[in-house]
Amino acid sequence: MEAHHPSKVLMTADTVGGVWNYSLELVRALAPFKTEVALATMGAPLTEEQRRQADEIDNLTVYESDYKLEWMEDAWNDVEKAGEWLLELKDKVQPELVHLNSLVHGALDFGVPTVAVVHSCVLSWWKAVKDEEAPQAWSKYKELVTKGLQAADMVVAPTQAMMNQASALYGPFKRSAVIYNGRGQHGFQFGKKEPFVFSMGRVWDEAKNISMLAHIASDLSWPVYIAGDDKHPATGKTIELENVHFLGQLSEDEVSDWLSRASVYALPAKYEPFGLTILEAAMSGCALVVGKTESQAEIWGNAARYVNPNSADELRDTINNLIEDEFGRNIMACRAVKRSHGYTANPMGQDYDHIYRQIMKQTVTV
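All values derive from a computational prediction rather than experimental measurement. (Residues numbered from 1 in each chain as written. Predicted model: local features only at pLDDT ≥ 70, side-chain atom pairs only at ≥ 80, totals over all residues. Heavy atoms only, no water.)

Colleague: Help me understand the overall build of the protein chain in this model?
Modeller: Along the protein chain, the regular secondary structure elements total 13 helices and 13 strands. Radius of gyration (C-alpha) of the protein chain: 20 Å, near the 21 Å computed for a compact globule of 366 residues. Over its C-alpha atoms, taken along the principal directions, the protein chain stretches across nearly 60 × 45 × 35 Å. Within the protein chain, the 50 negative side-chain charges are centred at a point lying 4 Å from the centre of the 34 positive side-chain charges. (Helix = DSSP H or I, 4+ residues; strand = E, 2+ residues; numbered from the N terminus. Rg over C-alpha atoms; globule rule 2.2 N^0.38 Å. Lys, Arg positive; Asp, Glu negative; His and termini not counted. Charge placed at Lys NZ, Arg CZ, Asp CG, Glu CD.)

Written as structure tokens, this is what we have:
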């Protein structure tokens, strides 16, 4: 018996990270299978731009909340309330399947098959960024994430590297699959390249490590432009550095425009289980300079230059080499574009549709 495509999926998403873009891209990619998605959002209210993006997608209905996410401070009360809200939504929406982009709600009794996607997690983040195990304060997080992931019918990660970490920390899982994230190529174009280095993300985010790029900018012969917040959320202080231009929050169209003109995209991240912004830069024909991590090497192979995320000198020299070597820069840009063709939205949609059907069939026959 051939399992049918799910006609309705209840999906969770947080509005404060890359998961938002991933979710919208996936919803669009599921449209050819006639799958309607009810998207339950948490973390923060939607921005104007996010509302506009969601309104443009026919097979999407958004249900909004601002419950805290499991990695936020003092979140457990909210996480529990969010769980009750999701169960109510499930009764209202009547989905055939629940797709969780959060890690703790897999243990809820939805009564339909569940997929949980590990985009990142606090414990693997801590190890990569702080080079030590997460402190005792995170033991409840570990316990509830383990419970949630082990209860899910299928656990998905965006790279094999992330899956290995998740299995070691929270496994064993009932079933697992690696599905690479994807972006729609149409949103990004290859423009006339200009002499500047570009990066995107919150400057104070230790994992993205953009502050290291900002600090070596004065030793580069090209200017560095950074899209994202330069104000620290706790202190409210802005960072002022020589040769660095902070662009603040940009819209999708503005990001696409900057990427089309940037010659080099640099993100020396210590922790980046997939990295949608790197993919967007590759689709836009930028030469890539990324942190040397297992997940990035898996995704980009020889299509990026890798730097030790703890070595400012290595980052400076690698970028300066690309600036001085136009031929090498063009080769790296071509490799990045070519490699990015393997991470488009349609194959991602097909892969998710495949596992949806698989677990719907298996949980029916069990």
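Colleague: Where do I start with the nonpolar core in this structure?
Modeller: Looking at soluble globular proteins, one finds that nonpolar side chains tend to be buried together. Core analysis: the largest hydrophobic core is formed by 82 residues, its most contacted members being F198, Y265, L288, W300, I319, Y352 and Y356. No other element matches helix α1 (residues 19–30), which puts seven residues into this core. Apart from residues no more than four positions distant in its own chain, W300 is found in contact with I278, L279, A282, L288, Y306, A336, R339, S340 and Y343. Core analysis: the next-biggest nonpolar cluster, separate from the first, contains 40 residues, L10, V93, V155 and Y271 among them. (Core = buried A, V, L, I, M, F, W, Y, C linked by side-chain atoms within 4.5 Å. Buried < 20%, exposed > 50% of the residue type's maximum accessible area, 1.4 Å probe, protein only. Contact = heavy atoms within 4.5 Å.)

Colleague: What should I look at first to understand the packing of aromatic side chains in this one?
Modeller: Two descriptors summarise a pair of aromatic rings, namely the distance from one centre to the other and the angle between the planes of the rings. Across all of its chains, the model carries 14 aromatic pairs by this definition. Between F196 and W258 the ring centres are 5.5 Å apart and the planes differ by 80°, which places this aromatic pair in the edge-to-face class. Residue F196 is found in strand β8 (residues 194–200), and its partner W258 is found in helix α8 (residues 252–261); the two are separated by 62 residues along the sequence. Through pairs of rings, three or more aromatic residues link up here, namely F196, F198, Y225, W258 and Y265. We note K193 situated over the ring of F190; from NZ or CZ to the ring centre the distance is 5.5 Å. (Phe/Tyr/Trp six-rings, centres within 6.5 Å; stacked < 30°, edge-to-face > 60°. Lys NZ or Arg CZ within 6 Å of the ring centre and 35° of its normal.)

Colleague: In this structure, what is going on with the sheet that holds strand β7 (residues 176–178)? I would like to understand it.
Modeller: Sheets are built from strands that pair by backbone hydrogen bonding, the pairs being arranged parallel or antiparallel. Within the open sheet, the seven strands sit side by side as β3-β2-β1-β4-β5-β6-β7. Their pairing is parallel. In the strand order of this sheet, the two ends are held by β3 (60–64) and β7, each with one partner. Mean inter-strand twist for the sheet, computed between neighbouring axes without regard to direction, equals 20°. Pairing geometry for strand β5 (residues 114–117) and strand β6 (residues 154–157), over three bridges, is parallel. Its bridge partner being in β6, V115 is matched across the sheet by M154. Along the sheet, α1 contacts β1 (8–14), β2 (36–42), β3, β4 (97–100) and β5; its crossing angle with β1, the most-contacted strand, is approximately 160°. (Pairing = 2+ DSSP bridges. Axes fitted to C-alpha atoms, helices over the stretch in contact; angles between N-to-C directions.)

Colleague: How do you make sense of the packing of α1 against helix α2 (residues 48–55) when you look at a structure like this?
Modeller: Each packed pair of helices is defined by two parameters, the angle between the axes and the distance between the axes. Running from amino to carboxyl end, α1 crosses α2 at an angle of 15°, the nearest separation of the two axes being 11 Å. One element, α1, and the other, α2, form an angle in the roughly parallel class. Between α1 and α2 lies a crossing whose hand is left-handed. Residues W20, N21 and L24 of α1 pack against Q50, Q53 and A54 of α2. (Parallel < 35°, antiparallel > 145°, perpendicular 65-115°, else oblique. Left-handed = near helix turned anticlockwise from the far one by under 90°.)

Colleague: Honestly, the sheet that holds strand β9 (residues 224–227) in this entry has me stumped. Any pointers?
Modeller: Taken in spatial order, the six strands make up an open sheet running β10-β9-β8-β11-β12-β13, and their pairing is parallel. Each having just a single partner strand, β10 (244–248) and β13 (305–307) make up the two edges of the open sheet. Neighbouring strand axes in the sheet, compared pairwise and without regard to direction, differ in orientation by 25° on average. Bridge count for strand β11 (residues 262–267) against strand β12 (residues 287–291) is four bridges, and the pairing is parallel. If you follow L267 over to β12, its bridge partner there is V290.

Colleague: Before we go on, may I ask you to explain the environment of P158 in this structure?
Modeller: Relative to the helices and strands, P158 resides in the loop between β6 and α6 (160–170). Look at P158 and you get buried, because its relative accessible area is 1%. The spacing of P158 and P273 is 115 residues in sequence and 7.1 Å in space, taken between C-alpha atoms. Leaving out residues up to four positions away in the same chain, P158 has contacts with V118, H119, V178, I179, Y180, N181, P273 and F274.

Colleague: Please clarify how a negative patch on the surface should be interpreted in this entry.
Modeller: Where like charges cluster on the molecular surface, the negative patch consists of E80, E84, E88 and D91. Inspection of the secondary structure assignment puts E80 in helix α3 (residues 76–93). The class for E80 is exposed, based on a relative accessible area of 54%. (Patch = residues over 30% accessible without salt bridge, like charges linked within 9 Å, V, L, I, M, F, W, Y side chains within 5 Å. Areas by Shrake-Rupley, 256 points an atom, 1.4 Å probe, with all protein chains shown as cover. Salt bridge = Lys/Arg side-chain N within 4 Å of Asp/Glu carboxyl O.)

Colleague: Just checking my understanding: could you explain unusual backbone geometry for this structure?
Modeller: Excluding glycine, a negative phi dihedral is what most residues carry, and trans is how most peptide bonds are arranged. A cis geometry characterises the amide bond from G171 onward to P172, with omega recorded as 0°. Counting through the fold element by element, P172 comes out in the loop between α6 and β7. Look at N209: it is not a glycine, yet its phi comes out positive at around 60°. Relative accessible area serves as the criterion here: at 6%, N209 is assigned to the buried category. The backbone phi angle of N243 is positive, close to 70°, even though this residue is not glycine. Position of N243 relative to the elements: it lies in the loop between β9 and β10. N243 sits in the partly exposed class, given a relative accessible area of 25%.

Colleague: What should I look at first to understand the pairing of β4 in this one?
Modeller: Strand residues, when the strand is regular, have side chains that alternate between the two faces of the sheet. Alternating positions in β4 separate into two faces, L97 and H99 on one and V98 and L100 on the other, with burial throughout. In this sheet, β4 lies alongside β1 in parallel orientation, the contact comprising three bridges. Paired with V9 across the strands is L97, a residue of β4. Pairing analysis gives three bridges linking β4 to β5, with the strands arranged parallel. By the bridge assignment, H99 is partnered in β5 with V115.

Distances and angles like these do not, on their own, reveal function.
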